[in-house]
Every structure is written in structure tokens, then in C-alpha cells.
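# Survey of secondary and tertiary structure
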Amino acid sequence: MQSQEGEMVIQGVPQQIPIWWRLRRDDFPSDNIDGAETQVAVLGGGLAGVMTALFLAELGTTNVMLLEKGGLGEGASGRNQGHVNPGNIPIEDIFRRHGQDMAKTLLDFEYASVGLLEEVIERFNIQCGFRRTGYMFLAADDEQIRLLRERQALLVSIGHPPELWDARQCEVLGFSGFAGGLFKPEAGQVNPVRLLLGLARAAQDLGVQVRVRTNAYDVVPQNGGFVVRTGKGRVRAQIVVHATNRPHLLGGAATALRVGFLCIRGQIVAFPEQVAQEIGFGTFDGLVYGLRRCQELLLGGMRSVSPSREEGEEDDTVVNSAISMALQAYAQQMFGIPESLSHSHEWTGIMWESPDGFPFVGRVPLIGNQWVICGFGGHGLPGIPGAAHALAQMIVGQEAELPRLFAPRLDRFTRSV
Ligand SMILES: Cc1cc2nc3c(=O)[nH]c(=O)nc-3n(C[C@H](O)[C@H](O)[C@H](O)COP(=O)(O)OP(=O)(O)OC[C@H]3O[C@@H](n4cnc5c(N)ncnc54)[C@H](O)[C@@H]3O)c2cc1C
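The following refers to the structure shown. Predicted model only: the values in this text are computed from it and were never measured. (Residues numbered from 1 in each chain as written. Predicted model: local features only at pLDDT ≥ 70, side-chain atom pairs only at ≥ 80, totals over all residues. Heavy atoms only, no water.)

One pass over the full model with this rule turns up 23 salt bridges. The partner of Asp93 in a salt bridge is Arg96, with the nearest N and O atoms 2.7 Å apart. With Asp93 and Arg96 both in helix H2 (residues 91-123) and three residues apart, the pair spans about one turn of that helix. A relative accessible area of 64% places Arg96 in the exposed class. (Salt bridge = Lys/Arg side-chain N within 4 Å of Asp/Glu carboxyl O. Helix = DSSP H or I, 4+ residues; strand = E, 2+ residues; numbered from the N terminus. Buried < 20%, exposed > 50% of the residue type's maximum accessible area, 1.4 Å probe, protein only.)

So this is what it looks like as C-alpha cells:
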């Protein structure tokens, strides 16, 4: 059977792989590259690496090589839930720690970044089901409604006003049992693997050499450039971009930047469901987040049922059965999914967060021509396009606009920013 988006749907036994992997993903080269020379080596074939490589090629860099240790989309970029939700950041905390101007800078950046993503999808005609179906932030009780009102006021003050919906309006959308919600109509959703593969093919068409199953072990400075040692041989590069989700290949003086990065394992289940209205949603307490799309309900979260909250868990080949059961129970209770209906897919993925919660984007100090774009945590789709574009601009020597909090300064975690 085929899904609405034309992918193979396997019925019966739940698949312990992301629902997006119904698409064929393996037609990129993986041959030996020993002795290759390139101007820019981009390490990591997730959204950050692929978009940086694509923008570099668009800006005229003729010799870019993208090295991915697995297949494209085997990292977080092929394991997420597909929300493209600008401004889904702890806004109260950002106002308190960095002030109103920085909160506005961060939100303006993400909104512009989503606009850029939409424009790129259109320009390269990428069939990835991007659509702005909105996002609802759900409140359980009157106290949470009060807090949502406060959040709404902050967002209004920086020019990104969401709508406050009451319990009845939420119920019409299929969210019963909630006191209300904050609705953001401009939030979107996408099939993240279709997006990634479409971007990678566009990059290839512009001359980027994509290599999968090519693990980069380290980056060694040599004769003013670098040698990247990989499982498929050594590559000489003038410039290296680290896009491996966390900065674990940074060496020399920049090793300090690796410290304190936290991995958190997220888990998602997918149920077949007749969807009345497509929409993204999350609960105010952060317990659960989900997406209604095509003929599916995706639910994620419930990390609180795990004693470790899934922090420090790096294995994305297994699922946590306690979380599974909690998500199943939630689907039955809140969305009327019958007990007899099993989920079709279930999977995990790893989110990497920096100690201050902001990504690293920019030139790494003290280690030559090496750049980084990583640490987007559980919220990469809205920010990565703008960050990758700014990074590519900086690499080719153009002016770029990027929130200053993203700069990979070595003192970032030792004094307040
Ligand atoms: C369960 C889950 C749900 C999420 N839901 C959402 C969501 O709905 N919306 C949203 O905006 N964000 C979401 N996120 C976060 C989002 O997926 C990430 O922020 C984003 O994909 C990060 O992209 P990336 O390119 O930095 O990392 P990745 O996609 O992880 O890419 C890094 C790549 O580098 C490769 N790599 C690592 N080491 C090496 C090496 N030594 N050599 C070569 N290659 C290497 C990896 O194999 C990987 O493919 C979610 C994440 C998870 C895990």
C-alpha cells in the first residue's frame, strides 16, 4: 500500500525505524576517496551539513565534499518529528537572561530562516510536503492559561503574536480535555527525509561531491590546510566545516568547546489515524509533543517516565519500553486511539545540546580555517537553514547576519554571555 505522499507503507508488525525511512535513501556514492583534494570538506550529512554544502556551492565554491559516516538522514535529521516551528524556544528565560532585544533578534532570525527554507524548497522543487499547518501549545488548566497569556504578551511585544484559543476552539481541532492553547498559524511541517534528500540532490547538481558511509576520524593540520582521515582514505581540504550535531571532532585549543555537550534521546510513535485537520502540538508542561499529518498521528515525549529522563542515552537503535507504554496510553486517553490499534512505527533519535542551549555557528577560534554548525538540540528545522546560509556567507568572506549568541567563542561557558 502507498501513503498519501507516495511511499511504501508496510502494514502489520510495527517497524522500529523512523516513518520517514519508507523512502529509498541509499543512492549516494560511498567509494574510496584516498588522496582526494577539496576546497571545503563538510563533515556530517544531516540538515546542517547538507544545507551548508548547498549554500557554499550556490555562492560559487566549486570544490565542496560532504562526508557522512552513515547514510543521509540516519542522524537526528531523519529521526525528528518534522515540525518547522519558529520561535519554539524558552522565551521567558531568554527575556530574563538576555533581554527583549535579544529575544526579538532570535525570533526574527528563526522566522526569516523558515522563509528561506520555504524559498529553497520552491526553488529546487523539492517534494517534501512542506506546509504551514500551524502549531498549538496546549494548556491543561487555568494556571497554565495564565502563563500562556504572559507568554503571548511577551511574543506580542517583539512582533510575533500568537492567538489564544479557548477550550471549545481546541476541542473543534480534536484536542479535548484542555483548558485552551496558544496557536501559531505560521508554523509548518515537513517530511524531513524527503527534504534532506532533495537538498542533497540539489547540492550534487551544483557540483558538491556527496560521500556516504565515510566516517571522519579526525582533522589534522598540514601545510596550511588539513588532512581529514576517514574510513575511506585521506582527503586534503583547505577549509573544514564540522556539522556532526556535536563538536566532537574539534581538536587543539578548541577541544574545550566539546565540554558539557549533553545528549538526550527522544522517542516517537506513529499511529495510523484519519486526520481531520493537520496540525502540530505540544503540552505546556513539555510532557508530550505531536503532529497530525496525512493519515498519521505522531507522538513523542514522555521522557519523564525514564529515571534518566533519557539524558546521556546515545543509542538510537533501541526504544525505551516504559516510554512506549506511556505514549500508547496517552494516545488512547487523549486521542481516542483504540487499545487494539498498534502503532505502525516507533523510533528514537539523539538531540545534542550545548550547555547554554544555543547552537555553535561560525569560525572556531585558534585552529585555522575550521568552522562549526551544530548543537541545535530538539529544535533544528527552523534555525538551521538561516544558520547554514550565514555560515556559507562567512566562509566565502561575505557579511552575514547571525545572533551573536551562536558564535563558538572559547569563553562561552565560562562567563555570562
Ligand atoms: C526524536 C527527535 C525529534 C525531533 N523533532 C524535531 C522537530 O519536530 N522539529 C525540529 O525543528 N527539530 C526536531 N528535532 C531536532 C532536529 O532533528 C535536529 O536539531 C537537527 O536534525 C540537527 O541536524 P544536524 O545536521 O545538526 O544533525 P544530524 O542530523 O544528526 O546530522 C549530523 C550527521 O553527522 C554524521 N556524523 C557524525 N559523526 C560523524 C563523523 N565522524 N564523520 C562523518 N559523519 C559524522 C551523523 O551520522 C549525522 O548524519 C528532533 C530530534 C530528535 C532526535
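Glancing now at the packing of helix H1 (residues 47-58) against H2. One can describe the packing of H1 onto H2 by two numbers: an axis separation of 13 Å at closest approach and a directional angle of 70 degrees. If you check the angle between H1 and H2, you find them roughly perpendicular. In this structure, H1 meets H2 at a crossing whose hand is left-handed. When H1 is examined against H2, the residues Met51, Leu54, Phe55 and Glu58 are found in contact with a partner set consisting of Leu116, Leu117, Val120 and Arg123. (Axes fitted to C-alpha atoms, helices over the stretch in contact; angles between N-to-C directions. Parallel < 35°, antiparallel > 145°, perpendicular 65-115°, else oblique. Left-handed = near helix turned anticlockwise from the far one by under 90°. Contact = heavy atoms within 4.5 Å.)

Looking now at the packing of aromatic side chains. Overall, the coordinates contain nine aromatic pairs when judged by the stated rule. Between Phe261 and Phe360 the ring centres are 5.2 Å apart and the planes differ by 75 degrees, which places this aromatic pair in the edge-to-face class. Here Phe360 lies in strand S17 (residues 360-363) and Phe261 lies in the loop between strand S11 (233-242) and strand S12 (262-272), a separation of 99 residues in the sequence. The burial state of Phe261 is the same as that of Phe360; both residues are buried. Following the ring pairs from residue to residue traces out a cluster consisting of Phe175, Phe281, Tyr330 and Phe335. Lying across the ring of Phe175, Arg292 places its NZ or CZ 5.8 Å from the centre. (Phe/Tyr/Trp six-rings, centres within 6.5 Å; stacked < 30°, edge-to-face > 60°. Lys NZ or Arg CZ within 6 Å of the ring centre and 35° of its normal.)

We now examine the site of the ligand. Taken together, the neighbourhood of the ligand is formed by 37 residues, with Glu68, Ser77, Ala216, Asn245 and Leu381 sitting nearest. Gly378 places a main-chain nitrogen or oxygen 3.3 Å from a nitrogen atom of the ligand. At a separation of 3.1 Å, an oxygen atom of the ligand approaches a polar backbone atom of Gly380. Here the ligand has 1000 Å² of accessible area as a free molecule, and 96% of this is covered by the chains. Counting residues per element, the ones that place at least two in the shell around the ligand are H1, S12 and strand S16 (345-353). Residue contributions to the shell around the ligand peak at three residues, all from S16. Of the residues contributing to the shell around the ligand, the split by class is 14 nonpolar, 20 polar and three charged. (Near = heavy atom within 4 Å. Polar contact = N/O pair within 3.5 Å; in protein donor to acceptor, adjacent residues only side chain to side chain. Areas by Shrake-Rupley, 256 points an atom, 1.4 Å probe, with all protein chains shown as cover. Nonpolar A, V, L, I, M, F, W, Y, C, P; charged D, E, K, R; others polar.)

Right, let's get into helix H3 (residues 142-157). If you check H3, its first and last C-alpha atoms are 23 Å apart, about what 16 residues at 1.5 Å a residue would give, namely 22 Å. Considered for burial, the residues of H3 that qualify are Gln144, Ile145, Leu148, Arg151, Gln152 and Leu155. Down the axis of H3, the buried set is contained in an arc of 115 degrees. They therefore lie on one face. Exposed side of H3, more than 90 degrees from the buried face: Asp142 and Arg149 are the residues found there. Residues of H3 that are buried in the fold lie against H2, strand S4 (135-139), strand S5 (163-166) and strand S6 (180-184). Two or three places before Glu143, at the start of H3, stands the capping residue Asp141, its side-chain oxygen 3.3 Å from that residue's backbone nitrogen. (Expected span 1.5 Å × (residues − 1). Arc of directions from axis to C-beta.)

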